[in-house]
Amino acid sequence: MQTKERKKGRLCYISHNYRGVDGAGNKAKTDNEDTLVEMGAKNLGLHRTFYNNKVVKFVLDLTGILIYCLRVRKDDTLVLQYPVKKYFSFICNVAHLRGAHVIALIHDLGSMRRKKLTVEKEISRLMHADYVIASNEVMKEWLHAHGFTHSLGALGLFDYRSQSTHSAEHDKQGGEPILVYAGSLAMRKNAFILQLPDVIKGYQLHIYGNRSGLPTLKDSRQIVFHDFMPAEDFIAHAEGSFGFVWDGDSLDSCTGNFGEYLRYNSPHKVSFYLRAGMPVIIWADAALAPLVEKEGIGLSIHSIEELNSLLSHIEEEQLSAMRTKVREVSDKLARGEFFRSAVKKALSELSPTP
């Protein structure tokens with residue numbers, strides 16, 4: 001008897017109101033929506049909007065979900081970007097009632113980072129999806145080990161679309177190596193920086209962030225603060241030898257909720273540095289460390305104190321080779337290739353050829 005192939009339906013998503021795209025999460029989600037549009041996906045909700053008012057956001061998002069309920073149909077495949085606040089299970093249930101399938105891409109796990117869910121409750125919620133794309137291979141294995149039994153894939157890096165591109169003329173040449181740290185600063189997230197003035201030797205740390213988050217940190221020859229630089233300008237003009245990925249209050253390990261979460265998540269900051277033409281230096285126990293090493297786009301360290309020796313022994317030829325690899329990966333990030341490939345793999349597993 002010939003196997004009957006499942007009818008090929010539409011690829012779909014639900015756009016939302018985003019309170020700006022300055023935050024990494026919103027930037028990643030809107031970039032993924034743009035990739036889905038390029039793949040021919042249909043938006044089953046309202047058009048994307050950017051209102052900061054919480055009430056307006058609530059009304060628009062709820063309205064979009066109600067409209068989705070009327071538009072979703074049999075054989076559709078809906079791509080959701082998790083978490084979806086309170087509506088994830090409801091959206092999945094409606095899809096299944098209509099004969100549609102759901103692919104969920106994980107941006108953040110509440111049971112890990114914010115501890116707002118138990119692991120059991122989060123796994124139970126994710127099980128409403130037919131296929132889950134974990135942020136990376138480590139998260140994929142964690143989900144499987146904690147009871148997720150549906151099909152699983154892994155993203156690797158979050159794509160980063162931008163109009164700007166990095167010019168090689170801005171690459172740091174000669175002099176002391178420059179380590180770049182970009183992002184919002186706060187004692188609960190970046191307290192390790194306060195210890196660096198007594199540790200840094202032979203390189204400089206350039207910080208792009210809100211210095212008010214670490215009020216006791218002063219400028220010095222080793223640590224240089226820069227004014228806020230819009231993302232497009234940073235990508236085009238920022239100079240540095242490496243982008244740095246480290247969180248917590250310790251020099252010997254990434255600690256606290258933010259630091260420990262590096263073991264499982266894929267920081268958007270990594271993609272941001274790569275788009276700016278910078279290889280990355282990342283904690284060796286971070287989930288993305290194996291990918292960084294395998295792709296030749298940076299280095300991993302166990303302790304910040306390793307940097308003094310590591311950076312002093314980097315040859316220009318080695319750095320140039322890493323920058324070549326970075327440009328290759330950066331081009332993929334700009335085109336949305338990581339998410340596109342992950343979605344295609346999910347679709348092939350949900351609709352296998354008979």
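Just so you know, these numbers come straight off a predicted model, no measurement behind them.

> Explain the overall build of the protein chain to me, please; I cannot follow it from the model alone.
A tally of helices and strands in the protein chain yields 13 helices and 12 strands. Per-residue burial over the protein chain gives 51% buried out of 354 residues. Long-range pairs, those at least 24 residues apart, make up 70% of the contacts in the protein chain between residues at least 6 apart in sequence. As presented, the protein chain carries roughly 16800 Å² of accessible surface, and 53% of it is formed by carbon and sulfur atoms. The average position of the 45 basic charges and that of the 41 acidic charges among the side chains of the protein chain differ by 10 Å.

> Help me out: how do you make sense of the environment of Tyr87 in this one?
Examined against the element boundaries, Tyr87 turns out to sit in the loop between strand E3 (77-82) and helix H3 (88-97). Taking C-alpha positions, Tyr87 is 9.9 Å from Asp61, a pair spaced 26 residues apart along the chain. Setting aside residues no more than four positions away along its own chain, Tyr87 makes contact with Phe58, Leu62 and Ile65.

> I keep staring at the packing of helix H12 (residues 316-335) against helix H13 (residues 337-350) and nothing clicks. Help me out?
If you want to describe how two helices pack, look at the angle between their axes and the distance between the axes. Put simply, H12 and H13 touch, their axes get as near as 5 Å, and they point 65° apart. Relative to H13, H12 is oriented roughly perpendicular. Here H12 contributes Val329, Lys332, Leu333 and Arg335 to the contact with H13, which in turn contributes Glu337, Phe338 and Arg340. The residue makeup of the contact of H12 with H13, split by class, is three nonpolar, no polar and four charged.

> Would you take a moment to explain the sheet that holds strand E4 (residues 101-106) for this structure?
The strands that make up a sheet pair up through hydrogen bonds in the backbone, lying either parallel or antiparallel. Read across the open sheet, the six strands follow the order E2-E1-E3-E4-E5-E6; overall the sheet is parallel. With one partner strand each, in any of the chains shown, strand E2 (42-43) and strand E6 (151-154) form the two edges of the open sheet. Contacts from H3 reach E3 and E4, with the element oriented near 175° to E3. Lying on the sheet, H13 is in contact with strand E1 (11-13), E3, E4, strand E5 (131-134) and E6; it crosses E5 at an angle near 155°.

> Explain the sheet that holds strand E12 (residues 298-301) here, please?
Within the open sheet, the six strands sit side by side as E9-E8-E7-E10-E11-E12. Their pairing is parallel. The open sheet has two edge strands, strand E9 (223-226) and E12, and neither has a second partner. Across the sheet, the mean angle from the axis of one strand to that of its neighbour is 25°, orientation sign disregarded. In terms of strand pairing, strand E7 (residues 178-182) meets strand E10 (residues 242-245) through two bridges, oriented parallel. Bridge pairing links Leu179 to Phe242 in E10.

> Just to check I follow, could you spell out the packing of helix H9 (residues 268-275) against H12 for this structure?
Viewed as axis vectors pointing N to C, H9 and H12 meet at an angle of 115°, and their least axial separation amounts to 8 Å. For the element pair H9 and H12, the recorded crossing hand is left-handed. Where H9 approaches H12, its residues Ser271, Leu274 and Arg275 are matched on the opposing element by Val326, Val329, Ser330, Leu333 and Ala334. Residue composition of the contact of H9 with H12, grouped by class: five nonpolar, two polar and one charged.

> Would you mind going over the environment of Arg71 with me for this structure?
Residue placement: Arg71 occurs in helix H2 (residues 54-71). Ignoring sequence-local partners within four residues, the contact set of Arg71 consists of Arg10, Asn43, Leu44, Gly45 and Asp76.

> What's the story with the pattern of salt bridges in this structure? I'm lost.
When their charged atoms lie close together, side chains carrying opposite charge are able to pair. Taken as a whole and assessed by the stated rule, the structure comprises 14 salt bridges. Among the ionic pairs, Arg10 bridges to Asp76, the shortest N-O distance being 2.6 Å. Linking Arg10 in the segment before E1 with Asp76 in the loop between H2 and E3, this pair joins segments that are 66 residues apart in sequence. A relative accessible area of 18% means that Arg10 is categorised as buried. Linking Asp61 and Lys57 is a salt bridge whose minimum nitrogen-to-oxygen distance equals 2.9 Å. Here Asp61 pairs with Lys57, and both are found in helix H2, just four residues apart, close to one helical turn.

> How do you make sense of empty space enclosed by the protein when you look at a structure like this?
Space left empty within the atom packing is revealed by a probe, the size of a water molecule, rolled over the atoms. All chains considered together, the criterion is met by one cavity of 30 Å³ or more. In terms of lining, the largest cavity is formed by Ser15, His16, Asn17, Leu46, His47, Thr49, Leu60, Asp61 and Gly64.

> Explain the nonpolar core to me, please; I cannot follow it from the model alone.
The tendency in soluble globular proteins is for nonpolar side chains to be buried side by side. Core analysis: the biggest nonpolar cluster contains 75 residues, and Ile193, Phe234 and Phe244 have the highest contact counts within it. If sequence neighbours within four positions are ignored, Phe234 has contacts with Val180, Ala182, Tyr208, Met229, Phe272, Tyr273, Ala276 and Met278. Ile65, Cys69, Phe88 and Trp142 belong to the second largest nonpolar core, which has 35 residues in total.

Rules behind the numbers
- Residues numbered from 1 in each chain as written.
- Predicted model: local features only at pLDDT ≥ 70, side-chain atom pairs only at ≥ 80, totals over all residues.
- Heavy atoms only, no water.
- Helix = DSSP H or I, 4+ residues; strand = E, 2+ residues; numbered from the N terminus.
- Buried < 20%, exposed > 50% of the residue type's maximum accessible area, 1.4 Å probe, protein only.
- Contact = heavy atoms within 4.5 Å.
- Areas by Shrake-Rupley, 256 points an atom, 1.4 Å probe, with all protein chains shown as cover.
- Lys, Arg positive; Asp, Glu negative; His and termini not counted.
- Charge placed at Lys NZ, Arg CZ, Asp CG, Glu CD.
- Axes fitted to C-alpha atoms, helices over the stretch in contact; angles between N-to-C directions.
- Parallel < 35°, antiparallel > 145°, perpendicular 65-115°, else oblique.
- Nonpolar A, V, L, I, M, F, W, Y, C, P; charged D, E, K, R; others polar.
- Pairing = 2+ DSSP bridges.
- Left-handed = near helix turned anticlockwise from the far one by under 90°.
- Salt bridge = Lys/Arg side-chain N within 4 Å of Asp/Glu carboxyl O.
- 1 Å grid on protein atoms, 1.4 Å probe; cavity = no way out; pocket = protein on both sides within 12 Å on 5 of 7 lines; lining within 4 Å.
- Points joined across faces, edges and corners; volume = space filled by probe spheres on them.
- Core = buried A, V, L, I, M, F, W, Y, C linked by side-chain atoms within 4.5 Å.

By themselves these figures say nothing about function.
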